[in-house]
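Spelled out from the first residue to the last, the chains are:
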Amino acid sequence: MKLRTDIVEMLQQGAHQQDIMRTLHVGATLVVSHREALHLPAPRRGGTPLRPIETEFHARTEHVDGGHLRWTGYHANGVPKLGRQGGHFSAYRIAFGLLHTREPVGRVRPGCGYPRCVEPTHLEDQTIRIQLRSQMAGIFGGTS
Ligand SMILES: [Zn+2]
């Protein structure tokens with residue numbers, strides 16, 4: 001499905017569903033489908049607003065040499081994970097969501113060579129890997 005940038009941004013900022021519906025004049029179904037596409041947890045009813053996912057994410061990272069971002073949170077099966085509201089989310093997918101407004105395709109993995117790097121611009125999904133491969137083929141595989 002095609003995601004709307006405005007809804008994605010509000011969700012990532014931790015806005016309440018009611019606020020998003022009111023602000024953007026959209027229905028609950030649309031907000032919920034966006035939230036699910038982004039793998040964000042369901043909002044807690046009547047609870048305190050969630051900290052924005054971006055804040056949660058950056059609280060568990062540190063910059064290292066070479067522009068990479070190291071995950072200081074925990075790992076499960078070698079994948080950096082962020083626990084949130086009882087759920088566990090891949091930090092790769094969260095990082096990907098901070099940069100892109102579309103859903104990642106296939107596995108999200110760093111393409112920079114730094115182990116378990118979670119720098120959003122270093123992460124690649126299947127779509128990006130295919131694009132990069134065809135660009136490389138264009139550069140090195142041409143006849144010129
Ligand atoms: Zn990196």
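Residues numbered from 1 in each chain as written. Predicted model: local features only at pLDDT ≥ 70, side-chain atom pairs only at ≥ 80, totals over all residues.

**Focus on the domain arrangement of the chain**
The parts lose accessible area when they come together, and the size of an interface is often stated as this lost area.
Now for step 1: We note that the domain assignment places domain 1 (1-50) and domain 2 (51-144) within the chain.
Now for step 2: Its C-alpha centre places domain 1 at a distance of 22 Å from the equivalent point of domain 2.
Now for step 3: Between domain 1 and domain 2, the residue contacts involve 13 residues of the former and 13 residues of the latter.
Now for step 4: Counting residues per element, the side of domain 1 that touches domain 2 draws most heavily on helix α1 (residues 5-12), which supplies three residues.
Now for step 5: The class makeup of the residues in the side of domain 1 that touches domain 2 is seven nonpolar, five polar and one charged. (Domains from an automatic or database assignment. Contact = placed C-beta atoms within 7 Å. Helix = DSSP H or I, 4+ residues; strand = E, 2+ residues; numbered from the N terminus. Nonpolar A, V, L, I, M, F, W, Y, C, P; charged D, E, K, R; others polar.)

**With respect to the environment of H122**
Now for step 1: Mapped onto the secondary structure, H122 falls in the loop between β6 (109-110) and β7 (123-124).
Now for step 2: Measuring from C-alpha to C-alpha, the distance between H122 and R109 comes to 8.4 Å, with 13 residues separating the pair along the chain.
Now for step 3: Discounting chain neighbours no more than four positions away, the residues touching H122 are H68, P110, G111, C112 and C117.

**Some thoughts on the sheet that holds strand β4 (residues 79-84)**
Now for step 1: Strand order in the open sheet made by the three strands is β3-β4-β5, with antiparallel pairing throughout. Taken across any chain shown, the strands that pair with only one partner, and hence form the sheet edges, are β3 (74-76) and β5 (87-90). Here the average twist between neighbouring strands, direction ignored, is 50°.
Now for step 2: Relative to β4, β3 runs antiparallel, the two sharing three bridges. The residue of β4 that forms the bridge with A76 is V79. (Pairing = 2+ DSSP bridges. Axes fitted to C-alpha atoms, helices over the stretch in contact; angles between N-to-C directions.)

**Looking at the nonpolar core**
Now for step 1: The biggest cluster of nonpolar side chains holds 23 residues, and the ones touching the most others in it are L11, A91, Y92, I94, A95 and V118.
Now for step 2: For this core, the secondary-structure elements that each account for two or more residues are α1, α4 (53-58), β2 (68-71) and α5 (91-99).
Now for step 3: The element best represented in this core is α5, accounting for five residues.
Now for step 4: Two domains each donate at least three residues to this core, and these are domain 1 (1-50) and domain 2 (51-144).
Now for step 5: Setting aside residues up to four positions removed in sequence, V118 forms contacts with T61, L69, W71, P80, A91, Y92 and A95. (Core = buried A, V, L, I, M, F, W, Y, C linked by C-beta atoms within 7 Å. Buried ≥ 20, exposed ≤ 12 C-beta atoms within 10 Å, placed from the backbone.)

**A closer look at the packing of α1 against helix α3 (residues 28-37)**
Now for step 1: Interaxial distance between α1 and α3 falls to 10 Å at its minimum, and their mutual angle equals 70°. One element, α1, and the other, α3, form an angle in the roughly perpendicular class. You can see that α1 and α3 cross each other, and the crossing is right-handed. Along its contact with α1, which presents I7, V8 and L11, the element α3 presents L30, V31, H34 and R35. (Parallel < 35°, antiparallel > 145°, perpendicular 65-115°, else oblique. Left-handed = near helix turned anticlockwise from the far one by under 90°.)

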